[in-house]
Amino acid sequence: MIGVIVADETAAREVPRALSDIRDLALGELEQFVVEAGERAFRARQIMAWLWRRGAESFAAMRDLPAPLRERLAARFTIGSGAPAHVARSTDGTRKLLIRLGDAEEIESVIIPTDGRTTLCVSSQAGCAMACEFCATARMGLHRNLAPGEILGQIIAARRELFAGETLTNYVFMGMGEPLANYERLKRALATMIAPWGMGVSPRRITVSTVGLVPAMERLLAEFAVNLAVSLHATTDEVRDRIAPINRRYPLRALIDACAGLPIARRRRITFEYVMLEDVNDSSEDARRLARMLAPLRAKVNLIFFNPFPGAAFTPSPRARVEAFQAILHRGNLTATLRESRGRDIAAACGQLYAERNPAAAAPPG
Ligand code: SAH
């Protein structure tokens, strides 16, 4: 028996280790590698600065590292490529990046300039398993989770598309996928985004948007002081069960109660997103129910114009209806903003560019 075990171990040692993406590593892990390579631990921080401050694309570019360390790094790691396969530029300044990953999966990130800010909309998964009926990404199904380095790589890629003098000021996890269904990798990415040795982004400038995975939502807010956006879209379980089927697992009451109990609920407003679908969720009764439902919370509502896509079973609510809905929320003392559709000319809504380029893959099921 012992002989067999020894043989196995020898075999395992002989198999060359596959290169992994250094951008997936936490500081402690990189420090361990550096020390095992016979260098001092501070080299790990230098490497992190090259990756996250300067967006280095090769170890050779990390000039202040000793050459042997650069070689050890190159023998063990890759720096995942961040070059977008395609960039669509809208006349309104919105830029949409289609990023091809190592296995040819494609994800989207969108740079959205608004008054005084530049927000990056980040993807957390290739595709999505949440099956929301009004969402183009849902049509793809879940292809796979993004690795931490792939989440962070979108930020590096986006920086290269900025105009002179422009910087990314805000980050929203509202791209493809359900971030809280990829919690462990999201957590690693957030840690690197926020850490002083990483990107040094204030958590107040980060918003994680979720369809309402209650346990992960509670974990997230216990671990990070980020902002939370909850995609609500309905005021009855009947409607929400249909358009956002995760509601069958975490129904409205459970979701709202969980939001009320979150540590940030007392300090900062939670945003509730509400896509306005004509004759589905846009009646005055809906508006009144929504105001009542959110009254116990410090909440704000973001009313979103539905962005239609080929094969979608909904039409956007007319503007007058959206404004009437907003007025009812205001009378109920709720802050409610209208989110205008950005980048319409470049199909910037979630999953749309992917769908345009891969019509067969994104066709509606059945
Ligand atoms: N899964 C997360 C984040 C991705 S979706 C979530 O559900 O929040 C980001 C936002 O885009 C959500 O509020 C979602 O409802 C909205 N959205 C999706 N498809 C849309 C469409 N066709 N038109 C307008 N908003 C859409």
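Bear in mind that the values here come from a model prediction, so they are computed numbers and not experimental data.

Here's the deal with the pattern of salt bridges
Stage number 1. One pass over the full model with this rule turns up 21 salt bridges.
Stage number 2. For Arg188, the salt bridge identified is with Glu29, shortest N-O distance 2.6 Å. Residue Arg188 is located in helix α6 (residues 183-194), and its partner Glu29 is located in helix α2 (residues 27-36); the two are separated by 159 residues in the primary sequence.
Stage number 3. The class of Arg188 is partly exposed, set by a relative accessible area of 32%.
Stage number 4. Given the relative accessible area of 32%, Glu29 is considered partly exposed.
Stage number 5. Among the salt bridges present, the one from Asp103 reaches Arg144, with a minimum N-O distance of 2.6 Å. Taken as a pair, Asp103 in the loop between β4 (95-100) and β5 (106-114) and Arg144 in strand β8 (residues 142-145) lie far apart in primary sequence, 41 residues in all.
Stage number 6. Given a relative accessible area of 23%, Arg144 falls into the partly exposed group.
Stage number 7. Here the salt bridges share partners, and the residues they tie into one network are Glu184, Lys187, Arg219 and Glu223.

Description of the site of the ligand
Stage number 1. Not every one of the 20 residues close to the ligand is listed here, only the nearest: Glu178, Ser209, Ser231, His233 and Asn307.
Stage number 2. Within the backbone of Gly177, one N or O atom sits 3.1 Å away from a nitrogen atom of the ligand.
Stage number 3. Here Glu178 contributes a side-chain N or O atom positioned 3.0 Å from a nitrogen atom of the ligand.
Stage number 4. Here the ligand loses 93% of its free accessible area of 540 Å² to cover by the protein chains.
Stage number 5. At the level of elements, β10 (206-210), β12 (270-276) and β13 (299-305) are the ones that each hand at least two residues to the shell around the ligand.
Stage number 6. Tallied by class, the residues present in the shell around the ligand amount to 11 nonpolar, 7 polar and 2 charged.

Quick look at helix α7 (residues 214-223)
Stage number 1. Buried within α7 we find Val214, Ala216, Met217, Leu220 and Leu221. End-on, the buried residues of α7 take up no more than an arc of 160°, which puts them together on one face.
Stage number 2. Buried residues in α7 make contact with α6, β10, β11 (227-231) and α9 (252-260).

Reading the values: rules and limits
Residues take numbers from 1 onward in each chain, read along the sequence in its written order. Since the coordinates come from a predicted model, pLDDT governs what is reported: local features require at least 70, and pairs of side-chain atoms require 80 or more to be given and counted, while whole-chain, interface and lining totals use all residues. Only heavy atoms go into the side-chain values, all of them from the structure, while hydrogens and water stay out. Note on definitions: salt bridges are taken to be side-chain nitrogens of Lys or Arg within 4 Å of carboxyl oxygens of Asp or Glu. Helix and strand assignments come from DSSP, with helices taken as H or I runs of at least 4 residues and strands as E runs of at least 2, each series counted from the N terminus. Using a 1.4 Å probe on the protein chains alone, a residue whose accessible area is under 20% of its type maximum counts as buried, one over 50% counts as exposed, and one in between counts as partly exposed. Working definition: residue near molecule or strand if any one of its non-hydrogen atoms lies within 4 Å of it. We define a polar contact as two N or O atoms separated by no more than 3.5 Å, with the added condition that, inside protein, one atom must be a possible hydrogen donor and the other a possible acceptor, whereas residues neighbouring each other in sequence contribute only through side-chain atom pairs. Residue-level accessible areas treat just the shown protein chains as cover; the underlying method is Shrake-Rupley with a 1.4 Å probe. Polar here means any residue outside two lists: the nonpolar Ala, Val, Leu, Ile, Met, Phe, Trp, Tyr, Cys and Pro, and the charged Asp, Glu, Lys and Arg; Gly therefore counts as polar. Working note: the arc is built from the helix axis to C-beta atom directions. Any two residues whose heavy atoms approach within 4.5 Å at even a single point are treated as in contact.

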